[in-house]
Amino acid sequence: MEPAEIFPHSGGVIGVSWLMIALPLLGAAILLLGGRRTDRWGHFLGVAMSLASFVVGVLTFVELLGLGEEQRRRVVELFEFIPGMVNMGLLVDPLSISFVLLITGVGSLIHIYSIGYMSHDPGRRRFFAYLNLFVAAMLLLVLADNYVGMFIGWEGVGLASYLLIGFWQHKPSAATAAQKAFIVNRVGDFGLLVAMFLIWTTFGSFAYGPVLGAAGDANVPATAIGLLLLLGACGKSAQLPLQSWLLDAMEGPTPVSALIHAATMVTAGVYLIVRSGAFFQAAPTAQLVVTIVGVATLLAGAIIGTAKDDIKKALAGSTMSQIGYMVLAAGLGPIGYAFAIAHLITHGFFKASMFLGAGSVMHAMNDEVDMRKYGGLASVMKVTWATFGLGYLAIIGFPLLSGYWTKDGIIEAAMEHSPILGWLAVIGAGLTGFYMSRVFFMTFHGKRRWAEDAHPHESPAVMTWPLILLSIGSVFGGAFLIVGNRFMTFLSPAVGAPEEPLGFHPFSVPGITTLVLVAIGAGYAWTKYGRSEVPAVAPRGSFLTTFARRDLYGDALNESLFMRPGQWLTRLAVFFDNRGVDGLVNGLAAGIGGSSGRLRRIQTGFARSYALSMLFGAAVVAGALLLVGNL
Amino acid sequence: MTTHYLVLSALLFSIGAVGVLVRRNAIVVFMCVELMLNACNLAFVTFARQHGNLDGQIIAFFVMVVAAAEVVVGLAIIVTIFRTRRSASVDDANLLKY
């Protein structure tokens, strides 16, 4: 089934859907321009703006549901942005509204959580301003009806991500991590920009309607556009080979890691691939590359996750891995789109819940992040333990919880497409079972390995309630979306649907194998980290452990391939500048200076020698005159 | 007739020029300069007589006025230098150099 037609729309709640973007943007502007005067109530304004955006989102969603299934793609024209080139408008359709609800819903919960988490931070108002800025930019990214608007949002979330990773800029590591994220993302943006140039020269338009409608035509360079869009997606979504920034991005405050670097922004790449699906369907090569990138990243992220002792970095590896699943599904075409977005939504719930849980643990343990210093926290932090546990069960795909439905769907779809991809995804699921169990057992079970001055306590209600709501989503979200193909039917007008939707086979061979592998992984993690003693200092481990601890040598590779040659280039340029350019200029000056120094020795101060030279000169002039006169 | 005056004028000028170059005493150098000026005057007057007009004689008066002014200023400088340095040698007054 092809995607439905796009209809212009005015009036109703959909007509004012721009409020969703405008409100958080206004909040950010007030908080940033108002300065210290807004310190006392700034966080409440931030939360209120995010919640208001959520309310508008829900009303828009309800109004959209009221329309016929084929009528659910509405464009709201706003203004002429670049005359003759870009008319800015918002595309409200099942795909964008799914994102809107995730961003504003999870975003609002994380706003509320941050009131408690950041309560002792002197920069709390600034933090909420950036969070609001992020929400506005992310909503523009998913709601814009053209590539230019999407790109503005894309860069906006990049800016917010940079500002929030480096929020504690007094820490050099945070400042460096922020710059790293920004620079790596520039590589991806280069791909996205060139893709947009190609789109403009090919179609003469940036709007999704005409561009995607004609993406399948014969003369369209769909493979090139697809691969360049994938490069952009890789940068934003931390997929191989542009994954290196995500682990360092954990330097930001934990709510940021939960909202931006787990639940929403890093999934923008998946949105881009699904939204531009028409290009990928017209280019099987690009599709193949997308699936390969997805599988490689889901395995790489899982392997990194198995070896990290920093709880946030282990979760970041897991995020990479789960986005790898989404990219894999998005590369499969219409059969995978619904699973990709469904997994994205459920992942938003359970990963946000686990990140916030990790934040709650850090809050209790004096900002300690090393899991080797945790252990046995289940008894003192019951709510955090329960909500984190539900998120953990959801992500490893415990039967009937969220992750089970959506991840199993992706594995089934991949299996349908190519058994190699499918089985690699199954192995990834087994690894997920191991590394998430490792995180869970090391943190909440086993012996207490706390620091002397640690007095863990449960977090305040303003932090636990968001956890509880998110864990409800991570328990029931998957079943709600997948059972009866509900989400696929809802999404199909926006992204199309396969001829025959994939039925759900709970007792298929891959499904059973996945469950067995997950059980083995979890069991191994229990014997190694739950039941037995966890050493306080990480053991040296084998070559493979080091490989995983060093992020699969991704940083080392970047360093030797790009950083060092770049440094040599700058050194060469500096040398050329110092010796070549400066040498020429300085040499000329020195030459003139030296010769004039010699020349002034003629000025001896003896009046009689001046007189002699005058006489001599006069004689020469007289002789010359005589000579000329004679001629 | 004219030739004799011109030869005398050239001789006087040469004596003056050599005196300026070889003598150290500022007073003597000064007198040699006067000698050169007056040699010129002689040549001017000679040519005026030969051409039968007064142009050369007028120029001679100008030269005399300039020479008088020069003597006033120059002698004052020489006396001042002698008072400060106890010397009237032109080679000693060599501070204004590189």
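Preceding block: the structure.
Predicted model, so just to flag it, every value in this text is computed and none were measured.

Helices and strands together make up the secondary structure of chain B, namely three helices and zero strands. Reading the secondary structure of chain B in the N-to-C direction produces α-α-α. Computed over the C-alpha atoms, the radius of gyration of chain B is 16 Å, more than 25% above the 13 Å expected from 2.2 N^0.38 for a compact globule of 98 residues. Its C-alpha atoms put chain B at 50 × 25 × 25 Å along the principal axes.

The grouping of V16, W18, L78, F79, F81, I82, M85 and I152 of chain A at the surface amounts to a nonpolar patch, some 640 Å² of accessible area in total. Per-element tally for the nonpolar patch: the top contributor is strand β2 (residues 74-82) of chain A, with four residues.

What follows deals with the packing of helix α4 (residues 94-117) of chain A against helix α5 (residues 124-143) of chain A. Residue and element names in this part refer to chain A. Orientation of α4 relative to α5, taken along the N-to-C sense of each, is 175 degrees, at an axis distance of 9 Å. Our classification of the angle between α4 and α5 gives roughly antiparallel. Counted together, S96, F99, V100, I103, T104, H111, S114 and I115 of α4 and R124, F127, F128, L131, N132, V135, M138, L139, V142 and L143 of α5 form the full contact between these two elements.

A few words now on the sheet that holds β2 of chain A. All names here are of chain A. Strand order in the open sheet formed by three strands is β1-β2-β3, and the pairing between neighbours is mixed. Two strands bound the open sheet, and with one partner strand each, they are β1 (7-8) and β3 (86-92). Here β1 pairs with β2 via two bridges, running parallel. Residue F7 lies in a different strand from β2, and its bridge partner there is R74.

Let us now look at unusual backbone geometry. Residues and elements named next belong to chain A. Cis geometry is adopted by the peptide bond preceding P241, which originates at L240 and carries an omega value of 5 degrees. In this structure, P241 sits in the loop between α9 (222-237) and α10 (244-248). With a phi angle near 55 degrees, N366 is a residue other than glycine that sits in the positive phi range. Among the secondary structure elements, N366 is positioned in the loop between α16 (334-364) and α17 (382-396). For D367, which is not glycine, the phi dihedral falls at a positive 60 degrees. Here D367 shows up in the loop between α16 and α17. According to the relative accessible area criterion, D367 is exposed, its value standing at 54%.

Quick look at the environment of A307 of chain A now. All names here are of chain A. Here A307 is to be found in helix α14 (residues 284-307). As a C-alpha pair, A307 and A278 span 29 residues in sequence and 39 Å in three-dimensional space. With near-sequence residues (within four places) excluded, A307 lies in contact with R438, T545, A548 and R549.

Moving on, we get to the interface of chain B and chain A. At the interface, 12 residues of chain B touch 11 residues of chain A. Summed over both sides, the interface of chain B with chain A buries roughly 1000 Å², with 62% coming from carbon and sulfur. Ranking the residues of chain B by area buried against chain A places L21, D91 and Y98 of chain B at the top, with a combined share of 58%. At the boundary of chain B with chain A, the tally comes to one salt bridge. Residues D91 of chain B and R608 of chain A are paired through a salt bridge, measuring 2.6 Å at the closest nitrogen-oxygen approach. Partitioned by chemical class, the residues of the side of chain B that touches chain A number seven nonpolar, one polar and four charged.

Residues and elements named next belong to chain A. Here D370 shows up in the loop between α16 and α17. Despite its burial, D370 pairs with no opposite charge, the nearest such side chain being K373 at 4.1 Å. Among the polar contacts listed, one links the side chain of D370 to the backbone nitrogen of R372, at a separation of 3.0 Å.

Time to look at the pattern of salt bridges. Residue and element names in this part refer to chain A. Here the structure, examined in full by the defined rule, presents 13 salt bridges over all chains. When the shortest N-O distance is used, the salt bridge between R275 and D93 registers 2.9 Å. Within this pair, whereas R275 is found in helix α12 (residues 268-275), its partner D93 is found in the loop between β3 and α4, the two being separated by 182 residues in sequence. Taken together, the salt bridges that share partners define one network made up of R73, D93 and R275.

With that settled, the discussion passes to a negative patch on the surface. Together, E2, E416, E499 and E500 of chain A make up a negatively charged patch on the protein surface. Secondary-structure assignment places E416 of chain A in helix α18 (residues 402-417).

As a further point, take the packing of aromatic side chains. Residues and elements named next belong to chain A. Throughout the structure, instances matching the rule amount to 23 aromatic pairs over all chains. With 6.4 Å between their ring centres and 65 degrees between their planes, Y392 and F441 make a pair best called edge-to-face. With Y392 in helix α17 and F441 in helix α19 (residues 419-444), this residue pair connects regions lying 49 residues apart in the sequence. Judged by relative accessible area, Y392 falls into the buried class, the value being 6%. Aromatic pair F440 and F444: ring centres 5.5 Å apart, planes at 45 degrees, arrangement tilted.

Calculation notes
Here the residue index of a chain counts from 1 through its sequence in written order. Note on labels: chains are lettered from A, ligands numbered from 1, in written order. Predicted model: local features are reported for residues with pLDDT of at least 70 only, side-chain atom pairs are reported and counted for 80 or more only, and whole-chain, interface and lining totals are derived from all residues. Side-chain measures here rest on the full set of heavy atoms in the structure, leaving out hydrogens and waters. By the criteria applied, helices consist of DSSP H or I runs no shorter than four residues and strands consist of E runs no shorter than two, each listed in order from the N terminus. Here the globule rule is a power law, 2.2 Å times the number of residues to the power 0.38, and the radius of gyration is based on C-alpha atoms. Think of a patch as exposed residues, more than 30% relative accessible area, with no salt bridge, where like charges cluster within 9 Å and nonpolar side chains (Val, Leu, Ile, Met, Phe, Trp, Tyr) cluster within 5 Å. Areas reported as accessible are Shrake-Rupley estimates using a 1.4 Å probe. Residue values count occlusion only from the protein chains shown. A carboxyl oxygen of Asp or Glu within 4 Å of a side-chain nitrogen of Lys or Arg is what we treat as a salt bridge. Structural elements are reduced to axes, namely lines fitted to C-alpha atoms, with helices fitted over the stretch in contact, and the angle between N-to-C directions of any two is expressed from 0 to 180 degrees. For this classification, under 35 degrees means roughly parallel, over 145 means roughly antiparallel, 65 to 115 means roughly perpendicular, and everything else is oblique. Any two residues whose heavy atoms approach within 4.5 Å are treated as being in contact. What makes two strands pair is DSSP finding at least two bridges between them. Buried, partly exposed and exposed residues are distinguished by accessible area as a fraction of the type maximum, computed with a 1.4 Å probe on protein chains only: under 20%, between the cut-offs, and over 50%, respectively. By buried area we mean the combined loss of accessible area, with a 1.4 Å probe, across both parts when two parts are placed together. Here the nonpolar group is Ala, Val, Leu, Ile, Met, Phe, Trp, Tyr, Cys and Pro; Asp, Glu, Lys and Arg are the charged ones; every other residue, Gly included, is treated as polar. Charge convention: Lys and Arg are scored as positive, Asp and Glu as negative, and His as well as the terminal groups of each chain are ignored. Two N or O atoms form a polar contact when they lie within 3.5 Å of each other; inside protein one atom must be a possible hydrogen donor and the other a possible acceptor, and for residues adjacent in sequence the pair counts only when both atoms belong to side chains. Here the site of a charge means atom NZ of a Lys, CZ of an Arg, CG of an Asp or CD of a Glu. Here the aromatic set is Phe, Tyr and Trp, taking the six-membered ring for Trp, and pairing holds for ring centres within 6.5 Å; pairs whose planes are under 30 degrees apart are stacked, those over 60 apart are edge-to-face, and all others are tilted.

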